Amino acid sequence: MSNYRVTVPVSTTPPCQDTTQLADEILQRINKEINQAVAEAFSFFQTELDRLQGKNNELRQRMPGIEKETELKIDDLEQYGRRTCLRFFGIPETKGESTDQIVLRVCKEKVNVELKIDDIPRSHRVGPIQQPGQDTGRAAGKERHRPIIVRFDGYRTRQRVFAAKRMLKNTGITVREDLKHRLAILNAAANKYGIRNTWTVDGRIKYAVGEGPGRRIYTAERLADLQ
């Protein structure tokens, strides 16, 4: 019977060194994957940040226009709430007066529009009361009378009076639409183009430029709209 000898290779590397090398390889692989994941996440967030910054810049550029548009819409709503109101100027003020009766009388006698008391839910003087001896800044001999604001029961009633306001010419009394923020626009237009070339229609400021066939009518919603 023959004798067989089996040779088993024996590693000359200590076991602890193999384990250390394997651990290093694993750590390197983990670090590589982590670095790759971090880079991908950073790239994603940087792209999103750039997109959001671009959107923010776009909104900043649009903001002035949006703010102005919002202001105009709010102004329109507020003016719409005043559509049934008119202001009467130049009517002498007396102690204990009834502004309702004064308005009814002026409408009947001056503009030939007969109204009932129910057509005027509310009327009153506006502005501070002038104290005796108070300097109003007006020319000597001209007394200041506070205007009367009148709320009519509806737009049609109000329009009957406003449409007849030309009959008040040379009476010292004038009737105007009730404006608030747009009053500054009206005054600026009147100063620039003249009172006769400036008027209002349902709270819209109208002004005319030129004469004859070249006359043009414009609408101003803000001071910047004035030519």
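In what follows, the structure referred to is the one given above.
Model, not experiment: these values are computed from the prediction. (Residues numbered from 1 in each chain as written. Predicted model: local features only at pLDDT ≥ 70, side-chain atom pairs only at ≥ 80, totals over all residues. Heavy atoms only, no water.)

**Points about the overall build of the chain**
Inference 1: Across its full length, the chain carries four helices and seven strands.
Inference 2: What you see in the chain, going N to C, is helices and strands ordered as α-β-α-β-β-α-β-α-β-β-β.
Inference 3: Taking all 227 residues of the chain together, the buried fraction comes to 25%.
Inference 4: Considering only contacts in the chain between residues 6 or more positions apart, those separated by 24 or more positions represent 58%. (Helix = DSSP H or I, 4+ residues; strand = E, 2+ residues; numbered from the N terminus. Buried < 20%, exposed > 50% of the residue type's maximum accessible area, 1.4 Å probe, protein only. Contact = heavy atoms within 4.5 Å.)

**Focus on the sheet that holds strand 7 (residues 216-220)**
Inference 1: Strand order in the open sheet made by the three strands is 5-6-7, with antiparallel pairing throughout. Bordering the open sheet on either side are strand 5 (198-201) and strand 7, each of which pairs with just one other strand. Going from strand to strand, the sheet's axes swing by 35° on average, the running direction of each strand aside.
Inference 2: As judged from the five bridges shared by strand 6 (residues 204-209) and strand 7, these two strands associate in the antiparallel manner. Looking at the pairing, Lys 206 lines up with Thr 219 of strand 7.
Inference 3: The sheet strands contacting helix 4 (residues 183-193) are strand 5, strand 6 and strand 7, and the helix crosses strand 6 at an angle near 10°. (Pairing = 2+ DSSP bridges. Axes fitted to C-alpha atoms, helices over the stretch in contact; angles between N-to-C directions.)

**So, the pattern of salt bridges**
Inference 1: Across all of its chains, the model carries 14 salt bridges by this definition.
Inference 2: Residue Arg 204 is joined to Asp 76 by a salt bridge in which the shortest nitrogen-to-oxygen separation is 3.4 Å. Of the two residues, Arg 204 sits in strand 6 while Asp 76 sits in helix 1 (residues 15-81), which places them 128 residues apart along the sequence.
Inference 3: Using a relative accessible area of 28% as the deciding quantity, one classes Arg 204 as partly exposed.
Inference 4: Asp 76 sits in the partly exposed class, given a relative accessible area of 29%.
Inference 5: Among the ionic pairs, Asp 178 bridges to Arg 87, the shortest N-O distance being 2.7 Å. Placement of the pair is Asp 178 in the loop between strand 4 (174-177) and helix 4 and Arg 87 in strand 1 (residues 85-89), with a sequence separation of 91 residues.
Inference 6: Salt bridges here are not isolated pairs; linked through shared partners, they connect Glu 78, Arg 82, Arg 87, Asp 178 and Lys 180. (Salt bridge = Lys/Arg side-chain N within 4 Å of Asp/Glu carboxyl O.)

**Quick notes on the side chain of Asp 119**
Inference 1: Note that Asp 119 resides in the loop between helix 2 (99-110) and strand 2 (122-125).
Inference 2: Taking the relative accessible area as the measure of exposure, Asp 119 reaches 9% and is therefore buried.
Inference 3: Looking at Asp 119, its side chain comes within polar contact range of the main-chain nitrogen of Lys 116, at 2.8 Å.
Inference 4: Excluding anything up to four places from it in sequence, Asp 119 contacts Arg 151, Phe 152, Asp 153 and Thr 157. (Polar contact = N/O pair within 3.5 Å; in protein donor to acceptor, adjacent residues only side chain to side chain.)

**Notes on the sheet that holds strand 4**
Inference 1: Spatially, 2-3-1-4 is the arrangement adopted by the four strands of the open sheet, whose pairing is antiparallel. Since the sheet does not close on itself, it has two edges, and those belong to strand 2 and strand 4, each with one partner. Strand after strand, the sheet turns through a mean of 20° between neighbouring axes, direction not considered.
Inference 2: Summarising the sheet, strand 1 and strand 4 pair through four bridges and their orientation is antiparallel. Each residue of the ladder has a partner; that of Leu 86, found in strand 4, is Glu 177.
Inference 3: Contacting strand 1, strand 2 and strand 3 (148-151), helix 2 crosses the sheet at an angle of about 100° to strand 2.
Inference 4: Strand contacts of helix 3 (residues 155-163): strand 1 and strand 4, with the helix running at about 30° to strand 1, the strand carrying the most contacts.

**Brief notes about the nonpolar core**
Inference 1: In terms of nonpolar packing, the biggest core is built from 21 residues, with Phe 88 and Val 161 touching the most fellow members.
Inference 2: Listing elements by their share of this core, those giving two or more residues are strand 1, helix 2, strand 3 and helix 3.
Inference 3: When neighbours within four sequence positions are excluded, Phe 88 is seen to be in contact with Val 103, Val 106, Cys 107, Pro 147, Ile 148, Val 150, Phe 152, Val 161, Thr 174 and Val 175. (Core = buried A, V, L, I, M, F, W, Y, C linked by side-chain atoms within 4.5 Å.)

**Topic: a nonpolar patch on the surface**
Inference 1: A surface patch of nonpolar side chains, amounting to about 530 Å² of accessible area, comprises Leu 22, Ile 26, Leu 27, Ile 30, Ile 34 and Val 38.
Inference 2: Tracing the chain through its elements places Ile 34 in helix 1.
Inference 3: Residue classification places Ile 34 among the partly exposed residues on the basis of a relative accessible area of 44%. (Patch = residues over 30% accessible without salt bridge, like charges linked within 9 Å, V, L, I, M, F, W, Y side chains within 5 Å. Areas by Shrake-Rupley, 256 points an atom, 1.4 Å probe, with all protein chains shown as cover.)

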